[in-house]
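# Descriptive analysis of the structure
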Amino acid sequence: QKPEQEAAEAPAEKEEEKTKLLFTPQYLFFVNHLSKINTEIFHCSVFSVGLIYVLWLFCVSLAFNWNVWMIPVRWAFPYQTPDNIHVWLLIDYLCDAIYILDILAFQPRLQFVLHGDIVVNIGKGKILEYLDVVSLLPLELLYFKTGINPLLRLPRILKFMSFFEFNKRLEAILTNAYVYRVIRTTTYLLYAVHCNACLYYWGSSFEGLGFSEWTYDGTGNSYFRCYYFAVKTLLTIGGLPEPTTLFEIVFQLINYFIGVFVFSIMIGQMRDVVGAATAAQTNYRACVDNTVKYMASYRIPKDVQNRVKTWYSYTWQSQGILDEQELLDQLPDKMRLDIAVDVSYNIISKVPLFQGCDRQMIFDMLKSLRSVVYLPGDYVCKKDEVGREMYIIKAGEVQVVGGPDGKTVFVTLKAGAVFGEVSLLAVGGGNRRTANVVARGFSNLLILTKRDLNEIMVHYPVSQKLLRKRARKMLMKDKKPAQKKEEEKEPIPIIPPRAEMPKLLKAVLEMTEKSGMKGTWSKLKDRNNRSSVSLQVHNNYYIYIYIYNFTLKLTKKNIVLNI
């Protein structure tokens, strides 16, 4: 076991060494003092999955995108002038304030997972990422020496971890997350073209505006003209002027190579996003097509085919999935139970048959329920058939019908009603259905099978006895008084009555006594008197063997039997 222990301890030691190297004493001292300040000023922690934190990450992402998009523009294009420099600086310092507030007020108070435990103590705040601290390097102090150069703000781009975290948190709370993924992937492509447009203007100004046909000539809106050139270059549309100088040729070659890779990567990501968004619908269409092909190959009647197609269409529109159980099976038992309790517990707990039963037994029953959709006019169950399921109406209505014509409606059951629960217990022949139940419209029912219930009740003997007793009472209420009297007069025997001795065996035994032969037959008679039950089990085979052997003996002694 020593090599296994050493192998298990090795990763932990490596992590500790990395932690010692990354987080120096000075850095930890800064973080601890920062946490103490937060403890004194703010008296609550921030939950990392809460809506407040997502909104704050949105603000941080706005500041990050301002730096990512505007730094290249201000560096390449002549949009930053002495007349509007105060506006640019105001927005820059506002974004810096958001960065600082995120580091001081939110990150140290953020709940996080440490060795499987959720840490909520503000004094043990989350250790700040090195990139978050480096992103706030005050390189703007060099403005006094070099002038206002936007490239000195490049460290602000190192805040990209917050931007990616915002994407992850936002996708977790969105219903149709694939729409946001498509928008985000498209934005990545637009940003690549944006950077290429900035580089193209810089190259044109480096050689001189209008220096050749390839460079930008300085007419019109410079950004849109360069952006148009970048789109044609990265998407390899063609129709561009030929480069003439070495700088232009190298620049254009790099553009083409980068454009091929960027465009292919973005198209691949877009395909994956759209494919993941439509995977369920593609599976649904494949199931419908295969079913229709199967029915056509076996020449199923048209009315049956139409009903099958209607079932597919309604199930997909109402649930968005063909089999809910397949989706729920992927969840842990605890989460599956939580969903089942929210959906069906109030209904099951109100069923008279299950009131007073073990609460955990009801929870196990909820996990075994499965959803089934019935079309208008479908028979949920028929009279006198063997009942193997209990039904809970989740949505829609069903009707209990009967009468001479089988169409008289006795009662209409709506959402929340339960029927067929007594037949699950099969007491006294009560597993036969007593009426026809027909779906009035499109009905979604939850079904509990008899097999699942029996597997559950094995672990709850007290509740099992209670259910058997209640089921017997409910069956007696449904029966007529004459049937009740007959059952009371003629109780079902627990041990079957003793069977009479066969006449042939009795005659043989009498002849043996008269002839004075004692032995096997006498012992057999005594054994029969002592235990007729044991003889009854085996006499169908062994008695006739004894008779055959005995007749052979009598024949040898010339004794004539008159039977």
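Just so it is clear, the model here is predicted, and its values are computed rather than measured.

Attention now moves to the overall build of the protein chain. The helix and strand inventory of the protein chain stands at 21 helices and 10 strands. With 563 residues in all, the protein chain has 34% of them scored as buried. Long-range pairs, those at least 24 residues apart, make up 72% of the contacts in the protein chain between residues at least 6 apart in sequence. Of the roughly 35,900 Å² of accessible surface on the protein chain, 61% is carried by carbon and sulfur atoms.

A word on the nonpolar core. Phe 354, Met 361, Met 390, Ile 392 and Leu 467 are the most contacted members of the largest nonpolar core, which totals 29 residues. Of all the secondary structure elements, the ones that give two or more residues to this core are helix H14 (333-349), helix H15 (359-368), strand S5 (389-395), strand S10 (443-449), helix H16 (450-457) and helix H17 (461-478). The contacts of Met 361, once residues within four sequence positions are left out, are Ile 456, Met 457, Tyr 460, Ser 463 and Leu 467.

A few words now on a nonpolar patch on the surface. Residues Trp 75, Leu 151, Leu 154, Leu 199, Trp 202 and Phe 206 make up a contiguous nonpolar surface patch of about 540 Å² in total accessible area. Relative to the helices and strands, Phe 206 is located in helix H8 (residues 177-207).

UniProt's feature table lists "transmembrane region" (unreviewed entry) at residues 41-65, 85-106 and 249-267, given in the numbering used throughout. For the annotated span residues 85-106, helix accounts for 100% and strand for 0% of the residues, and the straight-line distance between the end C-alpha atoms is 31 Å. End C-alpha to end C-alpha, residues 249-267 measures 27 Å, and it is 100% helix and 0% strand.

This brings us to helix H9 (residues 222-234). Look at H9: 18 Å from first C-alpha to last across 13 residues, which is about the 18 Å you get at 1.5 Å a residue. Of the residues making up H9, those classed as buried are Ser 222, Tyr 223, Cys 226, Tyr 227, Phe 229, Ala 230, Lys 232, Thr 233 and Leu 234. On its buried face, H9 is in contact with helix H3 (51-76), H8 and helix H10 (246-277). Sitting at the amino-terminal end of H9 is Asn 221, which places a side-chain oxygen 3.1 Å from the backbone nitrogen of Tyr 223.

Attention now goes to the sheet that holds strand S3 (residues 370-374). Spatially, S3-S10-S5-S8 is the arrangement adopted by the four strands of the open sheet, whose pairing is antiparallel. The open sheet has two free edges, formed respectively by S3 and strand S8 (418-419), since each of these has just one partner strand. Summarising the sheet, S5 and S8 pair through two bridges and their orientation is antiparallel. What sits directly across from Ile 392, in S8, is Val 418. Each of S5, S8 and S10 touches H14; the most contacted strand, S5, lies at about 120° to it.

Next up on the list: the environment of Leu 89. Its location among the elements puts Leu 89 in helix H4 (residues 85-106). Along the chain, Leu 89 and Ile 148 lie 59 residues apart, while their C-alpha atoms are 9.3 Å from each other. Once residues within four sequence positions are removed from consideration, Leu 89 is found in contact with Tyr 143 and Ile 148.

Okay, the pattern of salt bridges next. Across all of its chains, the model carries 19 salt bridges by this definition. Asp 92 is the partner of Arg 153 in a salt bridge, and the nearest nitrogen-oxygen pair spans 3.7 Å. Of this pair, Arg 153 sits in the loop between helix H6 (143-146) and helix H7 (160-173) while Asp 92 sits in helix H4, and the two are 61 residues apart along the sequence. Take Arg 153: its relative accessible area is 0%, and that puts it in the buried class. We note a salt bridge from Arg 451 to Glu 455, for which the minimum N-O separation is 3.6 Å. Taken as a pair, Arg 451 and Glu 455 lie in helix H16 at a separation of four residues, close to a single helical turn. Judged by its relative accessible area of 63%, Arg 451 is exposed. When salt bridges with common partners are traced through the structure, they connect Arg 74, Asp 92, Asp 96, Glu 140, Arg 153 and Arg 156 into a single cluster.

So, on to the packing of aromatic side chains. Counted under the stated rule, the structure contains 28 aromatic pairs. Consider the rings of Trp 66 and Trp 88, whose centres lie 5.8 Å apart with planes at 35°: the pair is tilted. Of the two residues, Trp 66 is situated in helix H3 and Trp 88 in helix H4; the sequence distance between them amounts to 22 residues. Trp 88 shares its class with Trp 66; the two are buried. Judged by centre distance (6.0 Å) and plane angle (70°), the ring pair of Phe 160 and Phe 164 falls under edge-to-face. Of this pair, Phe 160 and Phe 164 both sit in helix H7, separated by four residues, roughly a single helical turn. On the accessibility criterion, Phe 160 (28% relative accessible area) is partly exposed. Taking relative accessible area as the criterion, Phe 164 reaches 44% and is therefore assigned partly exposed. A connected cluster of aromatic rings, assembled from ring pairs, spans Trp 75, Tyr 200, Trp 202, Phe 206, Trp 214, Phe 229, Phe 247 and Phe 251. Sitting over the ring of Tyr 99, Lys 159 keeps its end group 5.7 Å from the ring centre.

Further remarks concern the confidence of the model for the protein chain. Per-residue pLDDT for the protein chain averages 77, and the proportion of residues at 70 or more is 72%. Counted against residues more than four places away or in other chains, residues 18-23, with its pLDDT under 50, gives four contacts.

Here the focus is the environment of Phe 106. Within the fold, Phe 106 resides in helix H4. Separated by 50 residues in the primary sequence, Phe 106 and Trp 56 have C-alpha atoms spaced 8.7 Å apart.

About the thresholds
Residues numbered from 1 in each chain as written. Predicted model: local features only at pLDDT ≥ 70, side-chain atom pairs only at ≥ 80, totals over all residues. Heavy atoms only, no water. Helix = DSSP H or I, 4+ residues; strand = E, 2+ residues; numbered from the N terminus. Buried < 20%, exposed > 50% of the residue type's maximum accessible area, 1.4 Å probe, protein only. Contact = heavy atoms within 4.5 Å. Areas by Shrake-Rupley, 256 points an atom, 1.4 Å probe, with all protein chains shown as cover. Core = buried A, V, L, I, M, F, W, Y, C linked by side-chain atoms within 4.5 Å. Patch = residues over 30% accessible without salt bridge, like charges linked within 9 Å, V, L, I, M, F, W, Y side chains within 5 Å. Salt bridge = Lys/Arg side-chain N within 4 Å of Asp/Glu carboxyl O. UniProt positions renumbered as here; feature names shortened; annotations may be inferred. Expected span 1.5 Å × (residues − 1). Polar contact = N/O pair within 3.5 Å; in protein donor to acceptor, adjacent residues only side chain to side chain. Pairing = 2+ DSSP bridges. Axes fitted to C-alpha atoms, helices over the stretch in contact; angles between N-to-C directions. Phe/Tyr/Trp six-rings, centres within 6.5 Å; stacked < 30°, edge-to-face > 60°. Lys NZ or Arg CZ within 6 Å of the ring centre and 35° of its normal. pLDDT = per-residue confidence, 0-100.

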